[in-house]
Structures are given as structure tokens and as C-alpha cells.
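Take a look at the letters that make up each chain.
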Amino acid sequence: MPRLAKVPTPPPPGCVWIQEASRRTGLSVKTLHNYRHLDKGPKPFPVGRKLAYPIEHIDAWLHLQRNPAPDDEQARQSRPPEPRRLPQRRPQDADELTPAA
């Protein structure tokens, strides 16, 4: 039986394999695997036993990391800080109003 050539299979057009996605995102391959199971990060799709990452998904995910969208729920529930109130001093009797000699 002849041996198969060890020529790397090219990724689908517009995609990169997980090693290249790791280099582009700055995340390790293991982190990309973990993100896949946590439904975070750029979305890959399987090609045989490999994961292909569309370049546009990687670029979109990196854009969101640099420019996060404001969280609508947090914006609705946020309040401005309470105004600072100074303690009120009330003199108890007239002796406190006159300076001590």
C-alpha cells in the first residue's frame, strides 16, 4: 500500500486553520478550543478533523474586542453617583455661636 504524501491540506477559500487563527488573534490553540466549547471567540466550522476559521469572523471578533458595544441592560440600570451631602451642624445653645476667648 502506498504512503500518502505529507502535503498540508489548504484551508477552504477565505478561511485559515486553527494554528493561523491562533497567530492572528494572539490566543493559544487551547484557548481557541476552549472558546469554541464556551461559545465565545470567532466561530469555526469543522472540515474533516480540522477546524477552519473564516477570516471575516476573526476580523469581526477582533473588532468587537477593540470596540465593545455598550451593554444596554447595564446602561439602563446605571445611576449617577449620589450627591455628596455634608453633615449639618446645628448649634445646641447660644454658647457655641460665640467664639471662645
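Structural notes, computed from the coordinates.

Basis of the calculations
Every residue gets a number counted from 1 within its own chain, in the order that chain's sequence is written. Given that the model is predicted, a residue must reach a pLDDT of at least 70 before its local features are reported, and side-chain atom pairs must reach 80 or more before they are shown or counted; all residues, however, enter totals for whole chains, interfaces and linings. Each side-chain value is derived from all of the structure's non-hydrogen atoms; neither hydrogens nor water enter the calculation. Per the convention used, a helix needs a DSSP run of H or I reaching at least four residues, while a strand needs a run of E reaching at least two, with both numbered from the N terminus. Partly exposed residues are those whose accessible area sits between 20% and 50% of the maximum for their type, while under 20% is buried and over 50% is exposed, using a 1.4 Å probe and protein chains only. Under the rule applied, a polar contact is a pair of N or O atoms within 3.5 Å (in protein, one hydrogen donor and one hydrogen acceptor; residues adjacent in sequence only if both atoms are side-chain atoms). Any pair of residues with heavy atoms lying within 4.5 Å of one another is described as a contacting pair. Any Phe, Tyr or Trp ring, taking Trp's six-membered ring, that has another such ring centre within 6.5 Å forms a pair; planes under 30 degrees apart are called stacked, those over 60 apart edge-to-face, and the others tilted. Two thresholds decide whether a charge sits over a ring: the Lys NZ or Arg CZ must be within 6 Å of the ring centre and within 35 degrees of the ring normal. The definition of a nonpolar core used throughout is a set of buried Ala, Val, Leu, Ile, Met, Phe, Trp, Tyr and Cys residues joined through side-chain atoms within 4.5 Å. Strand pairing is defined by DSSP finding a minimum of two bridges between the two strands. Helix axes are fitted to C-alpha atoms over the stretch in contact, other axes to C-alpha atoms as well, and angles between N-to-C directions run from 0 to 180 degrees.

## As for the environment of Ser28
So, step 1. Looking at where Ser28 falls in the secondary structure, it is placed in the loop between α1 (18-25) and α2 (29-38).
So, step 2. Among the residues examined, Ser28 registers a relative accessible area of 38% and is labelled partly exposed.
So, step 3. Taking the C-alpha atoms as reference points, Ser28 and Ile18, separated by 10 residues in sequence, lie 9.4 Å from one another.

## Focus on the side chain of Thr25
So, step 1. Note that Thr25 resides in helix α1.
So, step 2. Here the side chain of Thr25 touches Leu27 through a polar contact of 3.3 Å, landing on its backbone nitrogen.
So, step 3. Residues within four places of Thr25 in sequence aside, it is in contact with Leu32, Pro42, Ile58, Trp61 and Leu62.

## Section: the packing of aromatic side chains
So, step 1. Tallied over the full model, the rule gives 1 aromatic pair.
So, step 2. Ring geometry for Tyr35 versus Trp61: centroids 6.4 Å apart, planes at 65°, classification edge-to-face. A residue pair is termed long-range when its members are at least 10 positions apart, and Tyr35 in helix α2 and Trp61 in helix α3 (residues 55-66) qualify at 26 residues.
So, step 3. What makes Trp61 buried here is its relative accessible area of 14%.
So, step 4. The aromatic ring of Trp17 is capped on one face by Lys50, whose charged end is 4.7 Å from the ring centroid.

## Topic: the side chain of Ser22
So, step 1. By secondary structure assignment, the location of Ser22 is in helix α1.
So, step 2. Among the polar contacts listed, one links the side chain of Ser22 to the backbone oxygen of Leu27, at a separation of 2.4 Å.
So, step 3. Ignoring any residue separated from it by four or fewer positions in sequence, one finds Ser22 in contact with Leu27, Ser28, Val29 and Leu32.

## Looking at the nonpolar core
So, step 1. One finds Val16, Ile18, Ala21, Leu27, Leu32, Leu51, Tyr53, Ile58, Trp61 and Leu62 forming the largest nonpolar core, which totals 10 residues.
So, step 2. At the level of secondary structure, the elements contributing two or more residues to this core comprise α1, β3 (50-54) and α3.
So, step 3. No other element matches α3, which puts 3 residues into this core.
So, step 4. Not counting residues up to four positions away in its chain, the partners in contact with Ala21 are Val16, Leu32, Tyr53 and Ile58.

## A few points about the sheet that holds β3
Backbone-to-backbone hydrogen bonds pair the strands of a sheet. The strands run either parallel or antiparallel.
So, step 1. Overall, antiparallel pairing links the 3 strands, which are arranged β1-β3-β2 in an open sheet. Each edge of the open sheet is held by one strand with a lone partner, namely β1 (15-17) and β2 (45-47). Each neighbouring strand pair of the sheet contributes to a mean axis angle of 45°, computed without reference to strand direction.
So, step 2. Sheet analysis places β1 next to β3, joined by 3 bridges and oriented antiparallel. Paired with Cys15 across the two strands is Pro54, which belongs to β3.
So, step 3. Helix-sheet contacts for α3 involve β1 and β3, and the interaxial angle to β3 is about 65°.

Coordinates in, geometry out; function isn't part of it.
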